[in-house]
Amino acid sequence: SCSSESDSRDLSESSTDLPTGQEKTYRKPKQSCMVVSCDEELVEYLPPAKIASVVLNDDADMFGDPPKFIKLHGKSLWLFGPFNRFRLFCARLVVNRWFEYLMIFFVILSCVELMIENPSIEEGSWLFITLFVANIVFVVVFALEMMLKVVAYGFVLHRGAYLKNYWNIIDFLIVIVA
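Residues numbered from 1 in each chain as written. Predicted model: local features only at pLDDT ≥ 70, side-chain atom pairs only at ≥ 80, totals over all residues. Heavy atoms only, no water.

## Overview of unusual backbone geometry
(1) Moving on: Although it is not a glycine, Leu 77 sits at a positive phi angle of roughly 55°.
(2) Moving on: On the secondary structure map, Leu 77 appears in the loop between β4 (69-73) and α2 (85-94). (Helix = DSSP H or I, 4+ residues; strand = E, 2+ residues; numbered from the N terminus.)

Written out as structure tokens, the structure reads:
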């Protein structure tokens, strides 16, 4: 993990005891991880290891929340290491508050689409075509969300992997069935 004996702060999954956005550096002399701020500024770089801990909450000041940390373990899909730029981009994106809001918005729209859809709609009508296109859009959006999370967290083998979260298992099954 990204902790050391010389520092009393624990950078674990809980965000309640994390440092506020006011601090610019973190001194952890015996650890092997990287902490990156959301504005692409390298806060501290220590010797490369298999774990990267990334500060990802770019709207921390606006909402007064402490920064979010995510630990990237091993190689995602045996391809993207913890310091890979694309993986870091995906990790920043999937934990962003606005990305979460956007996904909730699409879930609500999908529920409305399911409420409107019924077997009595004539095939070829404007409502049938609109619902069909909306369904395809929802499948693409949710599949894209799944792929971004798989790249960010890893699929199943790592700690914190995509399929080690129960909500993600449900999302995965829904996307595969759709």
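The structure having been displayed, the exposition proceeds.
## Here's the deal with the environment of Gly 81
(1) Moving on: Mapped onto the elements, Gly 81 comes out in the loop between β4 and α2.
(2) Moving on: C-alpha separation for the pair Gly 81 and Val 151, spaced 70 residues apart in sequence, amounts to 9.8 Å.
(3) Moving on: Residue contacts for Gly 81: discarding those within four places in its chain leaves Gly 74, Lys 75 and Arg 87. (Contact = heavy atoms within 4.5 Å.)

## Describing the nonpolar core
(1) Moving on: Counting residues in each nonpolar core, the largest one holds 24 residues, and the members touching the most others are Ile 70, Val 94, Phe 106 and Phe 142.
(2) Moving on: Of all the elements in the fold, those that place two or more residues in this core are β4, α2, α3 (97-116) and α4 (126-153).
(3) Moving on: Setting aside chain neighbours within four positions, we find Val 94 in contact with Phe 99, Glu 100, Leu 148, Lys 149, Ala 152 and Tyr 153. (Core = buried A, V, L, I, M, F, W, Y, C linked by side-chain atoms within 4.5 Å. Buried < 20%, exposed > 50% of the residue type's maximum accessible area, 1.4 Å probe, protein only.)

## What to know about the pattern of salt bridges
(1) Moving on: With the rule as written, the count across this model stands at 1 salt bridge.
(2) Moving on: Of the charged contacts, one joins Lys 149 and Glu 145 as a salt bridge, the two residues approaching to 3.3 Å between their closest N and O atoms. With Lys 149 and Glu 145 both in helix α4 and 4 residues apart, the pair spans about one turn of that helix. (Salt bridge = Lys/Arg side-chain N within 4 Å of Asp/Glu carboxyl O.)

## Description of a nonpolar patch on the surface
(1) Moving on: Side chains of Trp 98, Tyr 101, Ile 104, Ile 108, Val 112, Met 115 and Ile 116 sit close together on the surface and give an oily, nonpolar patch of about 710 Å² of accessible area.
(2) Moving on: Along the chain, Tyr 101 falls in helix α3.
(3) Moving on: Note on Tyr 101: relative accessible area 40%, which makes it partly exposed. (Patch = residues over 30% accessible without salt bridge, like charges linked within 9 Å, V, L, I, M, F, W, Y side chains within 5 Å. Areas by Shrake-Rupley, 256 points an atom, 1.4 Å probe, with all protein chains shown as cover.)

## Considering the environment of Phe 128
(1) Moving on: Within the secondary structure layout, Phe 128 lies in helix α4.
(2) Moving on: Looking at Phe 128, the relative accessible area reads 33%, which means it is partly exposed.
(3) Moving on: C-alpha of Phe 128 to C-alpha of Asn 118: the two residues are 10 residues apart in sequence and 9.4 Å apart in space.
(4) Moving on: If sequence neighbours within four positions are ignored, Phe 128 has contacts with Ile 121, Glu 122 and Glu 123.

## Here's the deal with the packing of α3 against α4
(1) Moving on: Following both chains from N to C, one finds α3 and α4 inclined at 150°, their axes separated by 10 Å at the closest point. For the element pair α3 / α4, the angle class is roughly antiparallel. Considering the relative orientation of α3 and α4, their crossing is left-handed. Facing Phe 99, Met 103, Phe 106, Val 107, Leu 109, Ser 110, Glu 113 and Ile 116 of α3, the residues of α4 in contact are Leu 127, Leu 131, Ala 134, Asn 135, Phe 138, Val 141, Phe 142, Glu 145 and Leu 148. (Axes fitted to C-alpha atoms, helices over the stretch in contact; angles between N-to-C directions. Parallel < 35°, antiparallel > 145°, perpendicular 65-115°, else oblique. Left-handed = near helix turned anticlockwise from the far one by under 90°.)

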